[in-house]
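Residue-level listing of the chains:
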Amino acid sequence: MNSKGDAMPLEETSVDWRGRPCKLNKHGGMTSAVFVLGLQAFEMMAIAAVGNNLITYVFNDMHFPLSKSANIVTNFIGTVFLLSLLGGFLSDSYLGSFWTMFIFGFVELSGFILLAVQAHVPQLRPPKCNMMLKGSQCEEAKGYKSLIFFVALYLVALGSGSLKPNIISHGADQFRKNDSKQSKTLSTYFNAAYFAFCMGELIALTVLVWVQTHSGMDVGFGVSAAAMAVGMISLISGTIVYRNTPPRGSIFTPVAQVFVAAFTKRKQICPSNTGMLHGSQNNVPNHVFAKSPNTINLLHTEKIRFLDKACIKIQDARESPWRLCTVAQVEQVKIIISVIPIFACTIIFNTILAQLQTFSVQQGSAMNTRITRSFHIPPASLQSIPYILLIFVVPLYETVFVPIARKFTGRDSGISPLQRVGIGLFIATFSMVSAAMVEKRRRHAALHLNETLSIFWIAPQFLIFGLSEMFTAVGLIEFFYKQSLEGMQSFLTAMTYCSYSFGFYLSSLLVSLVNKITSSSSNGGWLSDNDLNKDKLDLFYWLLAALSLINFFNYLFCSKWYSYNPSLSPTQPQVQSYRRENPENHSFDPSKQIEVDNIVP
């Protein structure tokens, strides 16, 4: 009750921690999202400190060969992001985002603790040995030592992967899409989430990596565990002010129903008047995919018309949900299919990221790391360089670029998510160009001039990629979240992280293929030796640069083909105007009525 004794306004689609309808002036907003951003920063701090310096631990302490160590790291990080699909599914279907984060946050914490214990107890690791010495026969971790390591590592992967999509979606759920002011703040939230990500990465790559280098990996893993614990405290502290979206049951069942119904009626002919399709009117009962009662259902679009057959109603027949679906149901499936090409175009981008966390770290290890007489920069800390830049660039982007762009485009976010992704994909190519040029110079100096280049020579490749990531990563998350309806936010957001997964898996595959193709009876492959001076890492970087450029042009085509469903478009008044002028037809041709969001004019 307010001061006048009137009941506070309630929101129908979200509930508080006790399952009661949310109060608009008590729950949600940026105040609630700050607690989620705290988890974002501290969880990223913990996982980044482990992931970005993991190759050093795997190579020097567990004694795996360099190429195998690189694959262990990329497979681990790939698994983290692949498991985000599990977290998204459990959240949307059964647990809700808060409880999914609560459960798997403690799973991740247990993995950090187990890693710290193994790194601290000598009996749980192979005997000390210098892997860089020629002819050294270091004992590789096997048996229970290897088992403990991989169990700990993949507990971290399971926990972190299941957390990631829910951190983004739960924070975004604190803002009401049908409120124009909060809708604008939502775009600000995505930039704030990336800022929190950058701060977590920066602290991990400077303070925590320094601790790992100078105090030992056991202390470093322990600090990661402590950071994760602080993140969980931040999450729990906001419990009473969160807006929670209740789970809607299995998100895959309605998708399967559309395909089954469309296949069953494959011989039917779609009606020319799409208003005859089942569920095309405004008064359609809410479905698992339908939005809240205060918003409109998905409008029919003309793409992938085969699926429309699932909406054809046979006269005088009572059909089950596996034979008859609504337009809203079909359109959501169309959205899922349509975003797959956009998703695929970001895989190469994340393959480049994998190199910066593996081979570029080893690159730095072969360079002069001295800053002063007594201080050496840990090679893994080079990855902090882009985040130092980005903690200044991200606020400038939000406060300067977005308002200026908004005046020209009329968009709350300044430019569309697809435009933002495209800019990032283009910039990423030059990261590998820089890496290839520097590596060729480094190897030439080491072999022919007997010189060791300064580690700061490889700083540009990190800076360029950091700038590209600011565009691509945030744009992709915003794109997937805004293209999802209630009941699928976490799962579609998880597709962003799934792109990271495929990128890191592709990296492992490329390393193996390149070694196999370039090896001969007398010489090993480009990346087959533990000594970078004998490898041809620069040629591998050039290969990635070429693949990245080809991928960018492919993205131009895919983004030109893609069009937003008008019901999810920010230009909502155009949809409503169209409906008023065309009451007899509830279908909508976005190519004619709404500007297609892509990076091609």
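Under an unreviewed UniProt entry, the name given to the protein is Major facilitator superfamily (MFS) profile domain-containing protein, and the source organism is Fagus sylvatica. The Sequence similarities (unreviewed entry) field of the UniProt record for the protein holds the comment "Belongs to the major facilitator superfamily. Proton-dependent oligopeptide transporter (POT/PTR) (TC 2.A.17) family."

## A short note on the pattern of salt bridges
Counted under the stated rule, the structure contains 6 salt bridges. A salt bridge links Lys-334 to Asp-308, with the nearest nitrogen and oxygen atoms 2.9 Å apart. With Lys-334 in helix H10 (residues 327-344) and Asp-308 in the loop between helix H9 (252-264) and H10, this residue pair connects regions lying 26 residues apart in the sequence. Among the salt bridges present, the one from Glu-439 reaches Arg-442, with a minimum N-O distance of 3.0 Å.

## Observations regarding the packing of aromatic side chains
Following the criterion strictly, the structure yields 26 aromatic pairs and no others. An angle of 45° between the planes, with centres 6.1 Å apart, marks the rings of Tyr-57 and Phe-149 as tilted. Residue Tyr-57 is located in helix H2 (residues 54-60), and its partner Phe-149 is located in helix H6 (residues 143-172); the two are separated by 92 residues in the primary sequence. The class of Tyr-57 is buried, set by a relative accessible area of 1%. The class for Phe-149 is buried, based on a relative accessible area of 0%. On the numbers, 6.3 Å between centres and 80° between planes, the contact of Phe-76 with Tyr-154 is edge-to-face. Separated by 78 residues along the polypeptide, Phe-76 in helix H3 (residues 66-82) and Tyr-154 in helix H6 bring together distant segments of the chain. Under the relative-accessibility criterion, Phe-76 is labelled buried at 1%. Chaining the aromatic ring pairs together yields one cluster made of Tyr-57, Phe-64, Phe-149, Phe-150 and Phe-221.

## Brief notes about the packing of H10 against helix H16 (residues 489-518)
Direction vectors running N to C along H10 and H16 enclose 30°, while the axes themselves pass 11 Å from each other. Here H10 is positioned roughly parallel relative to H16, judged by the angle of their axes. Along this stretch, H10 crosses H16, giving a crossing that reads as right-handed. Along the contact surface, H10 presents Gln-332, Ile-336, Val-339, Ile-340 and Phe-343, while H16 presents Leu-492, Met-495, Cys-498, Ser-499 and Phe-502. Within the contact of H10 with H16, the residues separate by chemical class into 8 nonpolar, 2 polar and no charged.

## Brief notes about the packing of H10 against helix H17 (residues 537-561)
Between two packed helices, the angle of one axis relative to the other and the distance separating the axes together describe the packing. Contact pair H10 / H17: the axes reach a minimum separation of 9 Å and the direction vectors enclose 160°. With respect to H17, the element H10 is oriented roughly antiparallel. Handedness of the crossing formed by H10 with H17: left-handed. For the pair H10 and H17, contact is made by Ser-338, Pro-341, Ile-342 and Ala-344 and by Asn-551, Tyr-555, Cys-558, Ser-559 and Trp-561, respectively. Residues belonging to the contact of H10 with H17 are distributed by class as follows: 6 nonpolar, 3 polar and no charged.

## Quick word on helix H15 (residues 459-482)
Taking 1.5 Å per residue, 24 residues should reach 34 Å; H15 reaches 35 Å between its end C-alpha atoms and fits that length. Of all bends in H15, the biggest is about 30°, found at Glu-469. The buried fraction of H15 amounts to 19 of the 24 residues, a majority that puts the element mostly inside the structure.

## What about the environment of Asn-53?
Here Asn-53 is to be found in the loop between helix H1 (30-51) and H2. Between the alpha carbons of Asn-53 and Val-73 there is a distance of 9.3 Å; along the sequence they are 20 residues apart.

## Remarks on unusual backbone geometry
Although it is not a glycine, His-63 adopts a positive phi angle of roughly 65°. Within the fold, His-63 resides in the loop between H2 and H3. A residue is classified by how much of its surface remains accessible, and His-63, at 3% relative accessible area, is buried.

## Topic: empty space enclosed by the protein
Applying the stated criterion across every chain, the model contains 4 cavities of 30 Å³ or more. Within this model, the largest cavity holds a volume of roughly 410 Å³. Sorting the residues of the lining of the largest cavity by element identifies H1, H3, H6, helix H7 (180-215), H15 and H16 as the ones contributing at least two each. A class-by-class count of the residues in the lining of the largest cavity yields 20 nonpolar, 4 polar and 3 charged.

## A short note on the nonpolar core
In this structure, Leu-54, Phe-76, Phe-149, Tyr-189, Phe-190, Tyr-194 and Phe-540 are the most contacted members of the largest nonpolar core, which totals 158 residues. With 13 residues, the top contributor of residues to this core is H7.

## Focus: helix H4 (residues 84-95)
Taking 1.5 Å as the rise per residue, H4 with 12 residues should run 16 Å; its terminal C-alpha atoms sit only 14 Å apart, a clear shortfall. Those residues of H4 lying buried are Ser-84, Gly-87, Gly-88, Phe-89, Leu-90, Ser-91, Asp-92 and Ser-93. Where H4 is buried, its residues contact H3, helix H5 (97-120), H6, H9 and H16. Downstream of H4 by a residue or two, Gly-96 has a phi angle that is positive, lying close to 85°.

## A few points about the side chain of Arg-442
Relative to the helices and strands, Arg-442 is located in helix H14 (residues 417-448). On the basis of relative accessible area, Arg-442 is assigned to the buried category, the value being 2%. With near-sequence residues (within four places) excluded, Arg-442 lies in contact with Gln-363, Ala-366, Met-367, Leu-453, Leu-532 and Asn-533.

What counts and what doesn't
Residues numbered from 1 in each chain as written. Predicted model: local features only at pLDDT ≥ 70, side-chain atom pairs only at ≥ 80, totals over all residues. Heavy atoms only, no water. UniProt positions renumbered as here; feature names shortened; annotations may be inferred. Salt bridge = Lys/Arg side-chain N within 4 Å of Asp/Glu carboxyl O. Helix = DSSP H or I, 4+ residues; strand = E, 2+ residues; numbered from the N terminus. Phe/Tyr/Trp six-rings, centres within 6.5 Å; stacked < 30°, edge-to-face > 60°. Buried < 20%, exposed > 50% of the residue type's maximum accessible area, 1.4 Å probe, protein only. Axes fitted to C-alpha atoms, helices over the stretch in contact; angles between N-to-C directions. Parallel < 35°, antiparallel > 145°, perpendicular 65-115°, else oblique. Left-handed = near helix turned anticlockwise from the far one by under 90°. Contact = heavy atoms within 4.5 Å. Nonpolar A, V, L, I, M, F, W, Y, C, P; charged D, E, K, R; others polar. Expected span 1.5 Å × (residues − 1). Bend = angle between axes of the 7 residues up to and from the residue. 1 Å grid on protein atoms, 1.4 Å probe; cavity = no way out; pocket = protein on both sides within 12 Å on 5 of 7 lines; lining within 4 Å. Points joined across faces, edges and corners; volume = space filled by probe spheres on them. Core = buried A, V, L, I, M, F, W, Y, C linked by side-chain atoms within 4.5 Å.

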